[in-house]
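# Overview (structure and organization)
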Amino acid sequence: MPLLTSPEDRADLMRKYYGIQDVIVEPFTVPRMKQPWQDFVASTLVKDLHAVHLVAGHDYHFGYKGEGNPQRLQQICQELGIGCDIIPKVEMEGITVSSTYIRTLIAQGEMERADAFLGHPHVLTDRVAHGKKLGSTLGFPTVNLHFPPGVLVPAYGVYATRVWFENGDSRPAVTNIGVRPTVDDGDKVTVEGFILDF
């Protein structure tokens, strides 16, 4: 299942919107997949990472074969003497807010609705790459970005976007996502933003 955003973007969103400063991205390796849910909580989270309070969603499953669930998490946290909050189901317009639903919206190019369900704009962070300079020759120079492997690509099309710079400034842009059949790209997905008034 593709990611909504890269791990780096997810960490930045946690810092920006939720004030979480330290984010640890734990690789989902084969040993982790086979780890019993109790060991994941007691050994990995509490012993190794020194967790003192855990927060999970109402439908969170973890550990070997997804046997860990919110009820079990609350029970083991109580036994270990650490805090635990389970976030209840959130609905908008009668629809459960979930990553699955948001992925569907993005895949269909319904970005405004996806942003409403996300609670923030959908993001893609990348260092601008050099392209073939075709836009410059046509009078429309673009910034070229790439989607990291495993990250969901929105429906092909033209989008109104906002480009943020490292110094915090931003500008509106028109961004095309898709393939360029008339250009020898090997059908690679391109992200080309034309920054307005820049």
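As a starting point, this report considers the structure included with it. All of these numbers come straight from a predicted model, not from anything done at the bench.

On to the packing of aromatic side chains, then. Here the distance between the centres and the angle between the planes together describe a pair of aromatic rings. Under the definition given, this model contains four aromatic pairs. Relative to Phe117, the ring of Tyr101 has its centre 5.0 Å away and its plane inclined at 65°; by these criteria the two rings are edge-to-face. With Tyr101 in helix 5 (residues 99-107) and Phe117 in helix 6 (residues 111-118), this residue pair connects regions lying 16 residues apart in the sequence. Taken together, the ring pairs in this structure connect Trp37, Phe40, Tyr60 and Phe62 into an aromatic cluster. The residue whose ring lies beneath Lys16 is Trp164, and the NZ or CZ to ring-centre distance is 5.3 Å.

Take the state of the cysteines next. Applying the stated criterion across every chain, the model contains zero disulfides. Free cysteine Cys77: the closest other cysteine sulfur is in Cys84, separated by 4.1 Å. Classification of Cys84 by relative accessible area gives buried; the value is 18%.

Remark: helix 3 (residues 37-48) packs on helix 4 (residues 70-80), axes separated minimally by 10 Å, with the N-to-C direction vectors making an angle of 50°. On the basis of the axis angle, helix 3 is oblique to helix 4. The chirality of how helix 3 crosses helix 4 is right-handed. Where helix 3 abuts helix 4, its residues Trp37, Gln38, Val41, Ala42 and Val46 lie against Arg72, Leu73, Ile76 and Leu80. Of the residues belonging to the contact of helix 3 with helix 4, the class tally is seven nonpolar, one polar and one charged.

This paragraph deals with the pattern of salt bridges. If you walk through the whole model with that rule in mind, you get five salt bridges. Between Arg15 and Asp12 there is a salt bridge, with its nearest N and O atoms 3.0 Å apart. Placement of the pair is Arg15 and Asp12 together in helix 1 (residues 7-18), with a separation of three residues, close to one helical turn. The class for Arg15 is partly exposed, based on a relative accessible area of 33%.

Conventions used here
- Residues numbered from 1 in each chain as written.
- Predicted model: local features only at pLDDT ≥ 70, side-chain atom pairs only at ≥ 80, totals over all residues.
- Heavy atoms only, no water.
- Phe/Tyr/Trp six-rings, centres within 6.5 Å; stacked < 30°, edge-to-face > 60°.
- Helix = DSSP H or I, 4+ residues; strand = E, 2+ residues; numbered from the N terminus.
- Lys NZ or Arg CZ within 6 Å of the ring centre and 35° of its normal.
- Disulfide = S-S within 2.5 Å.
- Buried < 20%, exposed > 50% of the residue type's maximum accessible area, 1.4 Å probe, protein only.
- Axes fitted to C-alpha atoms, helices over the stretch in contact; angles between N-to-C directions.
- Parallel < 35°, antiparallel > 145°, perpendicular 65-115°, else oblique.
- Left-handed = near helix turned anticlockwise from the far one by under 90°.
- Contact = heavy atoms within 4.5 Å.
- Nonpolar A, V, L, I, M, F, W, Y, C, P; charged D, E, K, R; others polar.
- Salt bridge = Lys/Arg side-chain N within 4 Å of Asp/Glu carboxyl O.

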